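Residue-level listing of the chains:
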Amino acid sequence: MATAVLIGLGGLGCPAAVTLAEAGVDLRLVDDDVVELSNLQRQVLYGTSDVGRPKVEVARERLAGAGLEVHVDTARARLTADACDDLLGGADVVVDATDDPRARFLINDWALAHGVPAVLGGITRYDGLVLGVGAGGGPCFRCLFEAPPADDEVQTCVAAGVIGALAGLVGHLEAERALGLLAGDERRHTGYLTTVDGRRGRVRHVHLPADPECPACRRRPSRRAAPPRPSTEAAASA
Ligand SMILES: [Zn+2]
């Protein structure tokens, strides 16, 4: 049974958890937050009676109560550089469902360094994006954005506001992308950025070439960009 480590159990993480669990994927849920009343409209695993309780605890109960035969492990923690090995180790795929761009870079870099596929996603007020990064290397999130924004540039969903339905759609797309990567189909699930225009309901797929100077994936270049391997005969005679 494959295990997906899902970081963040907010508007993206709730639908992603349900979709992955329904597909029979074991989960490790990571979040340090508690359920808040103001977020309930986009966080479908929680109800008003859960306010104040840890999200990981409530999510595990809901998934167990749905009769889904998957193992759900939880960690009430925030993803930091020091915690990556503990929280992400053993993952067959990592799904980023945080509203913290810095965590997105940590997941990207850890996944590339360990040859684990990852799905990165995010939403702002009206727009969403999803990117699959293959176990075989880039293109990756750093090919698109070189470095995390400064602390004072980070705008969370709380500050920016977000449309609940957009979060649901992006979380579901992330889970679908993770299922494709778990199935080993990197050709169809990496190498492009999916953008979601929440105002027009438009989903686009934009080709994303690997940046040859990318600090995260240049040592693990895209298999598409890699030169053909020498034949066994040529390797033996080298
Ligand atoms: Zn890259």
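Bear in mind that the values here come from a model prediction, so they are computed numbers and not experimental data.

**Some remarks on the overall build of the chain**
- When its secondary structure is counted, the chain shows 9 helices and 8 strands.
- Looking at the 238 residues of the chain, the share that counts as buried comes to 49%.
- When the accessible surface of the chain is totalled, it reaches about 11600 Å², and 49% of it is carbon and sulfur.

**What about the coordination of the zinc ion?**
- Around the zinc ion, the protein contributes the donor atoms Cys140 (SG), Cys143 (SG), Cys214 (SG) and Cys217 (SG), which lie 2.3 Å from the metal centre.
- Coordination at the zinc ion is tetrahedral: its 4 donor atoms span angles of 96 to 126° at the metal.
- Every donor residue of the zinc ion comes from the same chain, spaced as C-x2-C-x70-C-x2-C. Of this pair, Cys143 sits in helix H5 (residues 141-144) while Cys214 sits in the loop between strand E8 (202-207) and helix H9 (232-237), and the two are 71 residues apart along the sequence. As far as the burial class goes, Cys143 and Cys214 line up, both buried.

**Some points on the pattern of salt bridges**
- Taken as a whole and assessed by the stated rule, the structure comprises 13 salt bridges.
- Between Asp109 and Arg142 there is a salt bridge whose closest N-O contact spans 2.5 Å. Placement of Asp109 in helix H4 (residues 101-114) and of Arg142 in helix H5 is noted, with a sequence separation of 33 residues between them.
- Judged by relative accessible area, Arg142 falls into the buried class, the value being 16%.
- Within this structure, Asp50, Arg53, Glu57, Glu61 and Arg62 form a network of salt bridges that share partners.

**As for helix H2 (residues 55-65)**
- Looking at H2, one finds that the buried residues are Lys55, Val56, Val58, Ala59 and Leu63. Taken around the axis of H2, the buried residues stretch over an arc of 165°, which confines them to a single face. Structural note: H2 exposes Ala64 and Gly65 on the side pointing more than 90 degrees away from its buried face.
- Tucked inside the fold, the buried residues of H2 contact helix H1 (13-22), strand E2 (26-30) and strand E3 (72-75).
- Phi turns positive one or two residues past the end of H2, at Gly67, with a value near 75°.

**So, the packing of aromatic side chains**
- Taken as a whole and judged by the stated rule, the model has 2 aromatic pairs.
- On the basis of an interplanar angle of 70° and a centroid distance of 5.2 Å, the ring pair of Phe105 and Phe141 is categorised as edge-to-face. Pair noted here: Phe105 is in helix H4 and Phe141 is in helix H5, with a separation of 36 residues, a long-range link.
- Judged by its relative accessible area of 3%, Phe105 is buried.
- Accessibility expressed as a relative area gives 3% for Phe141, which makes it buried.
- Relative to Phe145, the ring of Phe141 lies with its centre 5.3 Å away and its plane at 55°, an arrangement referred to as tilted.
- Judged by relative accessible area, Phe145 falls into the partly exposed class, the value being 40%.
- Taken together, the ring pairs connect Phe105, Phe141 and Phe145 into an aromatic cluster.

**Things to note about the side chain of Arg177**
- Among the structural elements, Arg177 can be located in helix H7 (residues 164-182).
- Notably, Arg177 is buried but unbridged: the nearest opposite-charge side chain belongs to Glu176, and the N-O separation is 8.5 Å.
- Each residue touching Arg177, except ones within four places of it in the same chain, is listed here: Val119, Val130, Leu131, Gly132, His189, Tyr192, Thr194 and His205.

What counts and how
- Within each chain, residue numbers correspond to sequence positions counted from 1 in written order.
- Given that this is a predicted model, residues contribute local features only at a pLDDT of at least 70 and side-chain atom pairs are listed and counted only at 80 or more, while totals for whole chains, interfaces and linings are drawn from all residues.
- Side-chain descriptors were evaluated using all non-hydrogen atoms of the structure, hydrogens and water having been removed beforehand.
- Working definition: helices are DSSP H or I runs of at least four residues, strands are E runs of at least two. Numbering for both runs from the N terminus.
- Relative accessible area decides the class of each residue, using a 1.4 Å probe on protein chains only: under 20% of the type maximum gives buried, over 50% gives exposed, and in between gives partly exposed.
- A 1.4 Å probe and the Shrake-Rupley method give the accessible areas. Residues count as covered only by the protein chains that appear here.
- Listed donor atoms are N, O and S within 2.8 Å of the metal (Na, K and Ca: 3.2 Å). As water is not included, a site may look incomplete.
- When four donors show all angles between 85 and 135 degrees the site is tetrahedral, when four or six donors have opposite pairs over 155 degrees and all other angles between 65 and 115 it is square planar or octahedral respectively, and in every other case it is irregular.
- Any carboxyl oxygen of Asp or Glu within 4 Å of a side-chain nitrogen of Lys or Arg constitutes a salt bridge here.
- Here the arc refers to the directions that run from the helix axis out to each C-beta atom.
- In this analysis, two residues are considered to be in contact whenever any of their non-hydrogen atoms come within 4.5 Å of each other.
- Aromatic rings from Phe, Tyr and Trp, with only the six-membered ring used for Trp, were paired whenever their centres fell within 6.5 Å, and each pair was classed as stacked if the ring planes differed by under 30 degrees, edge-to-face if by over 60, and tilted otherwise.
- Positive: Lys, Arg. Negative: Asp, Glu. His and the chain ends are not part of the count.

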